[in-house]
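Below are the chains, spelled out letter by letter.
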Amino acid sequence: MINKLRNIFRGKKAEEPKKYEGLSDFFMHAPADEQKKVFAEAARKANEDQIKVFKQAQGVEV
């Protein structure tokens, strides 16, 4: 009985974020919402880099 009470009040450990073994593992196992978030972040960073390169090519200081 005491062990059951201890198990109830012990508290649960927080889960660590899932780590993927590579890009294919990510595509196969990551939830769709996580994939969308990663793709959106990658697109945003690529866009920022592209604007930076374009401005440098035009002679505008970044």
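Bear in mind the structure is a predicted one, so any value in this text is a computation, not a measurement.

The rules behind these values
Residues numbered from 1 in each chain as written. Predicted model: local features only at pLDDT ≥ 70, side-chain atom pairs only at ≥ 80, totals over all residues. Heavy atoms only, no water. Helix = DSSP H or I, 4+ residues; strand = E, 2+ residues; numbered from the N terminus. Buried < 20%, exposed > 50% of the residue type's maximum accessible area, 1.4 Å probe, protein only. Contact = heavy atoms within 4.5 Å. Polar contact = N/O pair within 3.5 Å; in protein donor to acceptor, adjacent residues only side chain to side chain. Salt bridge = Lys/Arg side-chain N within 4 Å of Asp/Glu carboxyl O. Phe/Tyr/Trp six-rings, centres within 6.5 Å; stacked < 30°, edge-to-face > 60°.

Engineer: Kindly report on the environment of A30, identifying the contributing residues and their values.
Structural biologist: Within the secondary structure, A30 sits in the loop between α2 (23–29) and α3 (32–58). Given a relative accessible area of 9%, A30 falls into the buried group. Filtering out sequence-adjacent residues up to four positions away, A30 remains in contact with Y20, D25 and Q35.

Engineer: Describe the side chain of Q35, naming the residues involved and giving the relevant values.
Structural biologist: Assignment of secondary structure puts Q35 in helix α3. Taking the relative accessible area as the measure of exposure, Q35 reaches 16% and is therefore buried. There is a polar contact of 3.2 Å between the side chain of Q35 and the backbone oxygen of A30. Once you skip the residues sitting within four places of it in the chain, Q35 turns out to touch F26, F27 and A30.

Engineer: For the pattern of salt bridges, give the residues involved together with the corresponding values.
Structural biologist: Pairing is possible between side chains of opposite charge, provided their charged atoms come close. This model, assessed by the stated rule, comprises 3 salt bridges. Between E48 and R44 there is a salt bridge whose closest N-O contact spans 2.4 Å. One end of the pair, E48, and the other, R44, are both in helix α3, 4 residues apart, so they sit about a helical turn from each other. Residue R44 is classed as partly exposed on the basis of its relative accessible area of 38%. Connected via shared salt-bridge partners are E41, R44, K45 and E48.

Engineer: Please set out the packing of aromatic side chains residue by residue, giving values where relevant.
Structural biologist: Scanning the model with the defined rule gives 3 aromatic pairs in all. With 5.4 Å between their ring centres and 80° between their planes, Y20 and F26 make a pair best called edge-to-face. Here F26 falls in the buried class, since its relative accessible area comes to 9%. Among the aromatic side chains, those forming a connected cluster through ring pairs are Y20, F26, F27 and F39.

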